[in-house]
Amino acid sequence: MGGRSSRSGVEGGLGRIDRQVGQVSVQGRQSVGGRRRLHRRRRVVGGNGFDEGVGHGGGEQGTGRGGRGVDEATLRTAHAGLLSSEDIGNQVRVAGWVATRRDHGGVLFVDLRDASGIVQVVINPEEQPDLDDVTHALRDEFCISVLGSVRARPEGTINPDLATGEIEIGASEITVLSPADPLPFQIDDRADVDEMRRLEFRYLDLRRPRMAANLLARSRALQAMRSTLADDGFLEVETPTLVKSTPEGARDFLVPSRLRRGSFYALPQSPQLFKQLLMVGGVERYYQIARCYRDEDFRSDRQVEFTQLDLEGAFWGQDQVLAALEPVIAAVVKALRGLDLETPFPRMSHADALARYGTDKPDIRFGMELVELSEVFSATEFKAFSGAVEAGGLIAGINGGGLGLSRAGLDGLVERAQALGAKGLVWMVVEDDGSLRSPVAKFLSDAELGGIKERLGAAVGDTLLIVADSPPTTRAVLGGLRIDLGQPEGHDELQFLWVTDFPVFEVTGEGRLVAAHHPFTAPVDVAEMENHPEDAISRAYDLVLNGTELGSGSERIHDPETQARVFRVLGISDTEAKERFGWFMRGLRYGTPPHAGFAVGIDRIIAILQNEPNIREVIPFPKTQTGLDPLTGTPGPVDDAQLAELGIDLRPEVKAALEEEAGGFETE
RNA sequence: GGGGGCGUGGUGAAGCCUGGAGUUCACGCCGGCCUGUCAAGCCGGAGAUCGCGAGUUCAAAUCUCGUCGUCCCCGCCA
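Each value, and the rule that gives it
Residues numbered from 1 in each chain as written. Chains lettered and ligands numbered in written order. Predicted model: local features only at pLDDT ≥ 70, side-chain atom pairs only at ≥ 80, totals over all residues. Heavy atoms only, no water. Helix = DSSP H or I, 4+ residues; strand = E, 2+ residues; numbered from the N terminus. Buried < 20%, exposed > 50% of the residue type's maximum accessible area, 1.4 Å probe, protein only. Pairing = 2+ DSSP bridges. Contact = heavy atoms within 4.5 Å. Axes fitted to C-alpha atoms, helices over the stretch in contact; angles between N-to-C directions. Near = heavy atom within 4 Å. Polar contact = N/O pair within 3.5 Å; in protein donor to acceptor, adjacent residues only side chain to side chain. Patch = residues over 30% accessible without salt bridge, like charges linked within 9 Å, V, L, I, M, F, W, Y side chains within 5 Å. Areas by Shrake-Rupley, 256 points an atom, 1.4 Å probe, with all protein chains shown as cover. Salt bridge = Lys/Arg side-chain N within 4 Å of Asp/Glu carboxyl O. Parallel < 35°, antiparallel > 145°, perpendicular 65-115°, else oblique. Left-handed = near helix turned anticlockwise from the far one by under 90°. Nonpolar A, V, L, I, M, F, W, Y, C, P; charged D, E, K, R; others polar. Expected span 1.5 Å × (residues − 1). Bend = angle between axes of the 7 residues up to and from the residue. Phe/Tyr/Trp six-rings, centres within 6.5 Å; stacked < 30°, edge-to-face > 60°. Lys NZ or Arg CZ within 6 Å of the ring centre and 35° of its normal.

Undergrad: How do you make sense of unusual backbone geometry when you look at a structure like this?
TA: A cis amide bond links T343 to the next residue, P344, at an omega of -5 degrees. By the secondary structure assignment, P344 is in the loop between α8 (318-337) and β11 (347-349). Look at the link from T634 to P635: it is a cis peptide, with omega at 0 degrees. Mapped onto the secondary structure, P635 falls in the loop between α17 (602-609) and α18 (640-646). Not every positive phi belongs to a glycine, and E284 is a case in point at roughly 70 degrees. If you trace the backbone, E284 turns up in the loop between α7 (272-280) and β9 (285-293). Look at F315: it is not a glycine, yet its phi comes out positive at around 60 degrees.

What follows is the structure in structure tokens.
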């Protein structure tokens, strides 16, 4: 199924953020001569994405552009994309990049692009003969400043595809601020440029409308989160990024300490324990846009370095968390899609999600639900099915609908099922006469075949898929096939869903218990957790959007005794727990308020809302699947002197391998 | 750790299955022409160790093996 999803959303979507959004709320008008200060005007359009980070504190002088060396007005008095017919007659100076140049031998057109959009500049040698040399040298992506007058375009040359298409700037003066080398790829959204190349020249990639729109969307999403939470009385608190390593869950990134040789910091996998201690610290309502690090393999929705909206509330349970979060999500969706979401979001128990959709993150935009068939085969002669039932397995199926697959296509489904962990997959196609065509049909009784059709609501032409395996495998396989066969392309429709009542523990392949959420999650019943850990339910919940897990949260354990009991069930001895989490558990002994919280994957939600198939598209400087940043050549080797200072020797085999490939990655 | 796709002038593709001279298309680049285009147009030109290394063969972009890179999936991601 589905190759790469289309990017049609970028140009097609209704409210999706694209570059033109910057023009929606234009108000300020340029005064004649254009001397009105830019930062004033900025305030009007602020939040439209092209405010160049004015006033970020950090020691720089205060107000607007005033503290900078260059008076911007000498380079620019107007934003390209904001000009309109109301500016006709005004003398303006615009600055930006040469998006395209169209040279007619005499008259030359330059599409000048800045963060606000594009405006056409016309250079006419009859009007300005002295500009010839400059204009001849102009090339794509030169950074230039243009002085000229805004004028209406001549009859018949209006461009309705351009927001500024009614006007143009007649240039009287052009300054090349910076020339540009020939580009490694073209700055537009048409070509599918190699990922590696895009990342190597990310600064150019970011000039593409699609990426600029994604940056803008991200900024707006963060702003929506912050303002919603601030209005709701949340305190934004930062937590450390050099923390104690807790070898559990994902692999930690380690940072060697120079002052304490042989000791290591870890980068945080999340601010989990710190935010709980903030609850102990009386913060009551905390949030943070937190960078998190997990040294695990990449996926299209996973980078080793990612960003979460982390929040926590004291005297809260699940309902307060969900109620606090829904307006935040709604504000983000409003900001990026212009949509008013219906709240509250629907809820579904973890058990229901697994039974109906075969996954804990159901995409409820479409049906094709799993149907239990064990009953139909309670007395079957077909060994693959009877064997599974006897072993306590589950037989279930989905109705894939009219797939019209060839034999090769059906075999492909079998292979896919095997990749998902099944021993096999039974497919059946409903023929015109209502009979079931299937390699195993001859092993099944009429009653069984009839039962299958009835249970799966089979109609002529439908493809039915049946798996008989252990319950988790059956569900995982059918759930996976369901996604392959039925999931809509892209994310025009949005279906949020809370999945609640997660189990406390998962049983690993080796039969070991691990925390399903994390070990600080409150079980619904502590005694039950100890007596039947495999079945125990916790107060944990996930937020799911269109089949993607956006984030998860839980009510926390606020009592050190319960915390200790959970560790015991997990097989963590008291001594070990004290060693690793003693600092945290001690904190719980000083009047810890009951508390609960959540963390939302920001990269994921923005990627989905922007209809992007990969979170790389909404991360300014992401890494490749093997953890490389091709722009900087990170990670790279370090000097022996640096290692010596840290008291670190590379293992001989590692050192040898490094020398083997010497030369390595070059930066300037 | 495993499975799969891809790697061809600066970019994107076709060529590969069925071996026969680096062949083709679009964009870009360089030069020329061109005064209303907007992905401008027309003419000309330059630009390639076909990712790298072995092997098979008279002959390899093409077949085989290995390797590197990249992307997707399984595992992993409390």
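Undergrad: Just to check I follow, could you spell out the environment of E561 for this structure?
TA: Checked against the element boundaries, E561 lands in helix α15 (residues 560-569). The exposure class of E561 is partly exposed, given its relative accessible area of 42%. Residues E561 and L588 lie 27 residues apart in sequence; the distance between their C-alpha atoms is 9.4 Å.

Undergrad: How do you make sense of the sheet that holds strand β21 (residues 548-555) when you look at a structure like this?
TA: Strand-to-strand pairing in sheets goes through backbone hydrogen bonds, with the strands running parallel or antiparallel. Pairing is mixed in the open sheet, where 8 strands are placed in the order β6-β9-β10-β22-β21-β20-β17-β11. Two strands bound the open sheet, and with one partner strand each, they are β6 (235-236) and β11. The sheet contact formed by strand β10 (residues 305-314) and strand β22 (residues 595-601) spans 7 bridges and is antiparallel. Residue A314 lies in a different strand from β22, and its bridge partner there is H595. Sheet strands in contact with α7 are β9, β10 and β22, and its direction is about 25 degrees off that of β10.

Undergrad: Is there a simple way to explain the protein's contact with RNA strand B in this structure?
TA: Contacts to RNA strand B come from 53 residues, most closely from E126, E168, Q186, H517 and N614. Here RNA strand B approaches the protein such that, of its atoms within 4 Å, sugar and phosphate make up 48%. At a separation of 3.3 Å, a sugar or linking oxygen of RNA strand B approaches a polar side-chain atom of H104. Going through the elements one at a time, β1 (91-103), β2 (108-114), α4 (195-200) and α11 (407-419) are the ones with two or more residues in the surface near RNA strand B.

Undergrad: In this structure, what is going on with a nonpolar patch on the surface? I would like to understand it.
TA: Together, L650, V654 and L658 line one region of the surface with nonpolar side chains, adding up to about 210 Å² of accessible area. Along the chain, L658 falls in helix α19 (residues 652-660). Under the relative-accessibility criterion, L658 is labelled partly exposed at 38%.

Undergrad: What's the story with the packing of helix α6 (residues 209-231) against α17 in this structure? I'm lost.
TA: Two packed helices can be described by the angle between their axes and the distance between those axes. Axis separation between α6 and α17 bottoms out at 10 Å; the angle between their running directions is 120 degrees. By the angle between their axes, α6 is oblique relative to α17. In terms of crossing hand, the pair formed by α6 and α17 is right-handed. In this structure, α6 uses R218, A221, L222 and M225 to contact α17, whose residues at the interface are I602, D603 and I606. For the contact of α6 with α17, the class distribution of residues is 5 nonpolar, no polar and 2 charged.

Undergrad: Quick question: what am I supposed to make of the side chain of E612 here?
TA: As for its placement among the helices and strands, E612 is situated in the loop between α17 and α18. Here R210 takes part through its side chain, which lies 2.6 Å from a polar atom of the side chain of E612. Side-chain polar atoms of E612 contact the side chain of N214, separated by 2.8 Å.

Undergrad: Help me understand the sheet that holds strand β15 (residues 436-437), please; the structure alone is not making it clear to me.
TA: Here we have 5 strands laid out as an open sheet, ordered β12-β13-β16-β14-β15, and antiparallel in their pairing. Both outer strands of the open sheet, β12 (371-372) and β15, are each paired with one neighbouring strand and no more. Note: strand β14 (residues 426-430) against β15, 2 bridges, orientation antiparallel. Bridge pairing links V429 to R437 in β15. Contacts between helix α13 (residues 471-486) and the sheet are confined to β13 (394-399) and β16 (463-469), with β16 contributing the most and set at about 155 degrees to the helix.

Undergrad: Even after reading the chapter, I still don't get helix α16 (residues 574-587), so can you show me in this structure?
TA: At 3.6 residues per turn, the α-helix brings residues three or four places apart onto the same side. Taking 1.5 Å as the rise per residue, α16 with 14 residues should run 20 Å; its terminal C-alpha atoms sit only 16 Å apart, a clear shortfall. Its axis deflected by about 90 degrees at F581, α16 carries its strongest bend there. Among the residues making up α16, those that are buried are A577, R580, F581, G582, F584, M585 and G587. Contact partners of the buried residues in α16: α7 and α15.

Undergrad: Explain the packing of aromatic side chains to me, please; I cannot follow it from the model alone.
TA: Inspection of every chain in the model, using the stated rule, returns 16 aromatic pairs. Each ring, one from F185 and one from F201, has its centre 6.5 Å from the other, and the planes form 80 degrees; the classification is edge-to-face. Of this pair, F185 sits in the loop between β5 (167-178) and α4 while F201 sits in the loop between α4 and α5 (202-205), and the two are 16 residues apart along the sequence. For the pair formed by F185 and F201, the shared burial category is buried. Three or more aromatic residues joined by ring pairs form one cluster here, namely F274, F520, F567, F581, W583 and F584. Above the ring of F366, the side-chain terminus of R482 is found at 3.9 Å from the ring centroid.

Undergrad: Please explain the pattern of salt bridges as it appears in this structure.
TA: Summed over the entire model, instances satisfying the criterion amount to 41 salt bridges. One salt bridge in this structure joins R365 and D363, with 2.7 Å as the shortest N-O distance. Here the two residues R365 and D363 agree in accessibility, since each one is buried. Salt bridges sharing partners connect three or more residues here, namely D189, E195, R198, R202, D205, R208, R210, E612, R616 and E617.

Undergrad: Explain the pairing of strand β3 (residues 117-123) here, please?
TA: Remember that side chains alternate between the two faces of the sheet whenever the strand is regular. Counting buried positions along β3 gives 6 out of 7 residues, so the element sits mostly inside the fold. Sheet topology note: the β2/β3 ladder contains 7 bridges and is antiparallel. Bridge pairing links R113 to I118 in β3. Linking β2 to β3, which pair antiparallel, is a turn of 2 residues. Sheet analysis places β3 next to β5, joined by 2 bridges and oriented parallel. Paired with V121 across the two strands is I169, which belongs to β5.

So far we have only geometry, and geometry alone does not tell us how the molecule works.
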